[in-house]
Amino acid sequence: MSDIEAFLDPSVLARIGNLELLARTVVEGFLNGMHRSPHLGTSLDFAEHRIYMPGDDIRRVDWKLYARTDRLYRKEFEADTNTNFTVLLDISASMRYGSGKVTKFDYARYLAACITYLSRGQRDRVGLVTFDSDIVEIIPPSAKHLPNVLHAITRATAERPGDIGPPLKKLGEHFRRRSMILLISDFYAEPDTVLEAVGHLRQRGNDVMAMHVLDSAELEFPFDEAAPFEDLETAEKVPIVPDQLRDEYRKMIRQHIAELEGRLGAQGVDYAMFDTSQPLDYALFHYLNRRQWLARVR
Amino acid sequence: MGFLAPLFLLGVGALSIPILVHLTQKERKEVIQFPSTMFLRRIPYQAVRRQQIRHWLLLLLRCLAILFVILAFTRPFFTSKKGVAATLMKMGKDQVILLDRSYSMGYGNRWERAQKAAKEAVDNLGANDRAVVVYFAGTAWPAGNLTSDKLALRKAIDSVLPTAGATRYDVAFRAVQRVFADTARPSRAVVLISDDQRTGWTGRELPALPAGTSFTAVNLSDTLTANVFVSRVDTKYREDESAKQERVTVKARLANVGLKPILKHRVVLEVGGREMQSKAVDLPANGTAEVEFTELPVPPEITAGAVRSAADSLQRDNVYHFVVARKQPLSVLVIQPVKGDSMAGLFIRRALSIGDHPSFKIKTVQPGQLSASDLKDQGMVVLNNVPMPDDELGRGLEKYVQQGGALLVALGSRSDPARWPSFAKELMPLPTGAPVEQLAEFGATFGFIDRGHPVFEVFNGPRSGDFSAARFYHYWSVTPGPNDRQLARFGDGRPALLERRVGTGRVLVWSSDLDGIWNTMPLQPVFLPFLRQAAAYAVNYKDERLTGTVGQVVTPATLFGDDVPSADSAAVRGMASEVKQYVSLAPDSQQVRFGKAGAPPTLELTQQGIYELKRASGDADKRLLAANVDLAESDLTSFDPALLEVAVAPRPVPASEKSPISAELERQDLERGQAVWWYLLILAFLLLGLENLVANRLSRSAR
């Protein structure tokens, strides 16, 4: 595994204690390695030139234009638009689950931190909302709120039961300006509830991306021995004989994923499911693709 | 098919256990935390799908394993002919090899042939067969237990020789019964290795062999036999007055059981282990001859002697042992009526004068001539038709008896009750009333004789003494005392002969006379041995010269004249420490000490030759007992072994009379022989192993 890929491996990232460092490392590494990435087709389209001001990233200087004009201009890309970018992070107790080294919550935090960092790098105003069955914390989008957001992500804990409907309904009123919203959750709710909740966010033309984070054990149900299974949110115990219902469970979870993908997609919500064992680059590519598409559409 | 324990079949219900386990499985006690049971709750716990059996192979393996374990406990067995035959083959047979060790087996090369046949029987044993060698002659005894060890069996055959005993087939087959009583194998065999001697089967019914026993007889008899043996030795003692020496003449009788006469057959006389004389005798075919050796002086001490015949094909019966001892005559004082009665005491004197052991030295006196000194050193006093003296002499006589003397009283015409002193009743039962007359119907006879008493013991055998011919015309009625023993009674129940113990002496009272006047007893052939026996008993005479036959059991206490209380008497328990013990030195010089406290000590004569017996207390008194072989064994005539096979053939038992115990034994034999339970347990074990493999594979594939 190359150094760049290593920094995208969630199990490696788990060793990095500082979320800001983690996010910067991941994003810069990701961006620097983009030309070697197997994810072809991703590009940042040139939008316009702006006068170079001291402090700007000299890597954006258009040297060819300088050669022609003897003036320093920096390139502006399509993504370089000032957008309100808010991450809605599900911090319900079910996000605490993890069958390997990384829990869903950790993975979601990495995603949130990295994408927020990436977004800020795109000169977006970043914000954060953490929720479970209610809104826990709101950091309004701002160009200066990256440290706040990272700090809030760091100190968030997944303790309480969650219910996606009420908090998202409230948030529907919160976003007065058209924003880009990234919803990171495990979506343990009925598709109708999710659709209704997400529908509140889609008001006022917000662009919603849904990242469905699941552990591989939730997808494959690899358990052998019959045992009581305890719900992390409700503490309800259910006696389970895994051999007896494994196939049925797998079918159900996949149906749920498919239904969410289909119905959210029909509503114009970009849905993607991420296995916590997958490296983060896939999620980042997905995000960037979405931004690129949005830019074209606008 | 049968089952020894069919109740275990109820355990088939246990087959439901793997099914229950298969359906429910064992639940982990540990709780697994899961993000959400949203989807799990949608799947019903009691869904039919959960109760479906999906791994039929696993279930089958588990059920079969349990079934085989249950069946193993029921102890099944096959009852088909094939199954029974296979069981029998597998179990093997138990075989008894009866090896005749009587002395006739020493004839010619019979013993070598017997050993060879016995070893062949051992070699023919199968791998699962067991055998035991049972020796027999006069008794039978096994050389160990049933075993498959052929080396041990061969050793039991090679390590022995014929004994001095005579053949008895009934004891041999009883020993077979005892051996087979301890074995449960249904397949049995008997191999008899013998010379089929006719004298060994005296017409007694032989025990039948158990059902299913095969019988093989190896006949070692010879078509033609010839044997010479010493059948008898007599010794006659004579007092040589001039040499003041006692001398003995030994006469031997030899028999030739053969078709050819034998001329100048050498016969040797040994005394004290040294050859003294040798004679040559001509023996006719199938005949006998006597040889008389020259008179010899009797050694001062009791000495063993033997007459040996020249060697022939059977050695054991060529020697006859005997004992030579000084006569030690006993003094007998006969007090008889007045001198004018010439018949008085005649028969007594004549009877006691004949014979050597004991020999009696008789002195007769009349009542008026009797003095106190006459009683001194007398072995016995006879009051022949005279009453007891009523003076000091009478008291002296009483004292004599109390101190161990013997008194024989013959009551006759002069024995009126009034003539007896009053103190006489302390010494003996007295006559009462008037003499009983039995003139009608040719007189009275004996009605009862105590043949267990030493006086009459010798007359126990057939044709050994006829008392029935004696006729009694007169006799006294004698009232026995509470401790008197009636040794004989007349037909009317009145005592004819009584015994009373007085002090350490004995008194015998004869109710009629011994002069042939009141009865015809003295005229009977039995009178002489009877009177001698009565006199010998009265004086407690014990012949130092003892003879016996190999196989006979003797009681040394009796030979020494010691009292032997019965084993269960209170006297024994009270004086257990005082019961005498004896030491015997057998002909092979083995010394044996016997006679435990509380039990009469006995000695079985197992060897031919001289036994020396002494009291264990160490006193010098000893006895020599000459043990000779039973000469019936010298008759080598054999019988047809087919007759023996018929005689011991198993008796068929009707099925209705078949003992339920024997039927059960057969079932147990079949089950034990087939051991189906063992194979079932092995199968169950293999199935459980296979189940383990299959379960692991299914578990991995499920993951």
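Definitions and limits used
Residues numbered from 1 in each chain as written. Chains lettered and ligands numbered in written order. Predicted model: local features only at pLDDT ≥ 70, side-chain atom pairs only at ≥ 80, totals over all residues. Heavy atoms only, no water. Helix = DSSP H or I, 4+ residues; strand = E, 2+ residues; numbered from the N terminus. Buried < 20%, exposed > 50% of the residue type's maximum accessible area, 1.4 Å probe, protein only. Contact = heavy atoms within 4.5 Å. Areas by Shrake-Rupley, 256 points an atom, 1.4 Å probe, with all protein chains shown as cover. Pairing = 2+ DSSP bridges. Axes fitted to C-alpha atoms, helices over the stretch in contact; angles between N-to-C directions. Buried area = accessible area lost by both parts, 1.4 Å probe. Salt bridge = Lys/Arg side-chain N within 4 Å of Asp/Glu carboxyl O. pLDDT = per-residue confidence, 0-100. Arc of directions from axis to C-beta. Phe/Tyr/Trp six-rings, centres within 6.5 Å; stacked < 30°, edge-to-face > 60°. Lys, Arg positive; Asp, Glu negative; His and termini not counted. Polar contact = N/O pair within 3.5 Å; in protein donor to acceptor, adjacent residues only side chain to side chain. Parallel < 35°, antiparallel > 145°, perpendicular 65-115°, else oblique. Left-handed = near helix turned anticlockwise from the far one by under 90°. Nonpolar A, V, L, I, M, F, W, Y, C, P; charged D, E, K, R; others polar.

So, on to the overall build of chain B. Of the regular secondary structure elements, chain B holds 17 helices and 33 strands. Counting every position in chain B, which comprises 703 residues, the buried fraction comes to 47%. The long-range fraction of contacts in chain B, counting pairs at least 24 apart against all pairs at least 6 apart in sequence, stands at 73%. Here chain B displays about 34,900 Å² of accessible surface, and carbon together with sulfur accounts for 54% of that area.

All right, on to the sheet that holds strand β18 (residues 360-365) of chain B then. All names here are of chain B. Taken in spatial order, the eight strands of this open sheet run β18-β17-β19-β20-β26-β25-β24-β22, and their pairing is mixed. Lying at the two open borders of the sheet, with one neighbouring strand each, are β18 and β22 (446-449). Strand-to-strand twist of the sheet, defined as the mean angle between neighbouring strand axes without regard to direction, takes the value 15°. Of the strand pairs in this sheet, strand β19 (residues 380-384) and strand β20 (residues 406-410) are connected by five bridges, and their pairing is parallel. From the neighbouring strand, V381 faces β20, where its bridge partner is L407. Of the strands in this sheet, β17 (330-335), β18 and β19 touch helix α8 (residues 346-353), which is tilted by about 160° from β18. Strands β18, β19, β20, β25 (495-502) and β26 (505-510) of the sheet are contacted by helix α12 (residues 527-538), whose axis makes an angle of about 150° with β26.

Residues and elements named next belong to chain B. The topology assignment puts Q177 in helix α7 (residues 169-181). As for Q177 and P210, which are separated by 33 residues in sequence, their C-alpha atoms are 7.4 Å apart. Discounting chain neighbours no more than four positions away, the residues touching Q177 are P207 and A208.

Below, the discussion takes up the interface of chain A and chain B. It is common to give the size of an interface as the accessible area that goes away when the parts come together. Taken together, the contacts link 36 residues of chain A with 25 residues of chain B. Regarding the contact of chain A and chain B, the summed buried area is about 3,200 Å², with carbon and sulfur atoms giving 61% of it. Applying the counting rule to chain A against chain B returns two salt bridges. As a salt-bridge pair, R41(B) and E236(A) come within 3.1 Å of each other at their nearest N and O atoms. Among the secondary structure elements, those contributing two or more residues to the side of chain A that touches chain B are α9 (216-220), β8 (227-231), β9 (237-240) and α10 (242-266) of chain A. Counting residues per element, the side of chain A that touches chain B draws most heavily on α10(A), at 10 residues.

Okay, the confidence of the model for chain A next. Overall, the predicted model of chain A reaches an average pLDDT of 82, with 83% of residues at or above 70. Low pLDDT, under 50, characterises residues 35-43 of chain A; the predicted model gives this stretch 12 contacts beyond four residues in sequence or across chains.

The next point concerns the pattern of salt bridges. Residues and elements named next belong to chain B. All chains considered together, the criterion is met by 38 salt bridges over all chains. In this structure, the salt-bridge partner of R113 is D222, at a minimum N-O distance of 3.2 Å. Of this pair, R113 sits in helix α5 (residues 110-123) while D222 sits in the loop between β8 (213-219) and β9 (227-240), and the two are 109 residues apart along the sequence. Connected through salt bridges with shared partners, the residues R110, R113, D195 and D222 form a single ionic network.

All right, on to the side chain of S179(A) then. Within the secondary structure, S179(A) is located in strand β6 (residues 179-185). In contact with S179(A), other than residues within four places in its own chain, are N84(A), N206(A) and D207(A).

Before going further, it helps to examine helix α6 (residues 146-155) of chain A. Taken together, the buried positions of α6(A) are L146(A), V149(A), L150(A), A152(A) and I153(A). Taken down its axis, α6(A) places every buried residue within 160° of arc, on the same side.

Regular strands place side chains that alternate from one sheet face to the opposite one. Residue and element names in this part refer to chain A. The alternating pattern of β9 places V238 and I240 on a buried face and K237 and P239 on a face that is not buried. Bridge count between β8 and β9: four bridges; the pairing is antiparallel. Along β9, the bridge assignment pairs F229 with V238. Hairpin remark: β8 followed by β9, antiparallel, with five residues in the connecting loop; positive phi at A235, about 65°.

With that settled, the discussion passes to the sheet that holds strand β6 (residues 140-142) of chain B. All names here are of chain B. An order of β6-β5-β4-β7-β8 is seen for the five strands of this open sheet, with the pairing classed as mixed. Pairing within the sheet leaves two strands with one partner each, and these edge strands are β6 and β8. Taken pair by pair, the neighbouring strands of this sheet meet at an average axis angle of 20°, ignoring direction. Of the strand pairs in this sheet, strand β4 (residues 94-100) and strand β5 (residues 130-136) are connected by seven bridges, and their pairing is parallel. Within the sheet, the bridge partner assigned to L99 lies in β5 and is Y135.

Moving on, we get to the environment of V238(A). Its place among the elements puts V238(A) in strand β9. Among the residues examined, V238(A) registers a relative accessible area of 12% and is labelled buried.

Moving on: the packing of aromatic side chains. Residues and elements named next belong to chain A. Scanning all chains against the criterion turns up 32 aromatic pairs over all chains. A ring pair is formed by W63 and Y66, whose centres lie 5.9 Å apart and whose planes are at 90°; its orientation type is edge-to-face. Placement of the pair is W63 and Y66 together in helix α4 (residues 63-69), with a separation of three residues, close to one helical turn. Both rings, one in F221 and one in F223, keep their centres 4.9 Å apart while their planes meet at 75°; by these two values the pair is edge-to-face.

With that settled, the discussion passes to the side chain of E633(B). Residue and element names in this part refer to chain B. Structurally, E633 can be placed in the loop between β33 (622-628) and α15 (641-647). Despite its burial, E633 pairs with no opposite charge, the nearest such side chain being R110 at 7.0 Å. Of the polar contacts made by the side chain of E633, one reaches the side chain of S102; its length is 2.7 Å. When sequence neighbours within four positions are dropped, the list of residues in contact with E633 reads S102, Y103, S104, G165, A166, T167, Q197 and T199.

With that out of the way, let us pick up the confidence of the model for chain B. Residue and element names in this part refer to chain B. Across chain B, the average pLDDT comes to 85, with 88% of residues at 70 or higher. Across residues 566-573 the pLDDT falls below 50, and counting only partners more than four positions away or on other chains, this stretch makes eight contacts in the model. Model confidence for the complex is summarised by a pTM of 0.53, with the ipTM given as 0.78.

What follows covers the environment of I362(B). All names here are of chain B. Among the secondary structure elements, I362 is positioned in strand β18. Taking the C-alpha atoms as reference points, I362 and V334, separated by 28 residues in sequence, lie 7.1 Å from one another. If we ignore the near neighbours within four places in the chain, the residues touching I362 are V332, V334, I348, R349, L352 and S353.

Attention now goes to the packing of helix α8 (residues 191-201) of chain A against α10(A). Residue and element names in this part refer to chain A. Between α8 and α10, the shortest axis-to-axis distance is 10 Å and the interhelical angle comes to 30°. Between α8 and α10, the angle falls in the class roughly parallel. Our pair here, α8 against α10, has a crossing hand that is right-handed. Contacts from P191, D192, V194, L195 and V198 of α8 reach α10 at H256, E259, L260, R263 and L264. Broken down by class, the residue content of the contact of α8 with α10 amounts to six nonpolar, one polar and three charged.

Time to look at the pairing of β8(A). For β8(A), a buried count of five out of five residues is recorded, marking the element as mostly surrounded by other parts of the structure. The sheet contact formed by β8(A) and strand β2 (residues 32-34) of chain B spans three bridges and is parallel. Paired with F229(A) across the strands is I32(B), a residue of β2(B).

Here we come to the packing of α8(B) against α12(B). Residues and elements named next belong to chain B. It is the contact of α8 with α12, at a shortest axis distance of 9 Å, that shows an interaxial angle of 80°. Comparing the axis directions of α8 and α12 gives the class roughly perpendicular. For the pair α8 and α12, the contacting residues are F347, I348, A351 and L352 in the first and F527, L528, L531, R532 and A535 in the second. When grouped by side-chain class, the residues that make up the contact of α8 with α12 number eight nonpolar, no polar and one charged.

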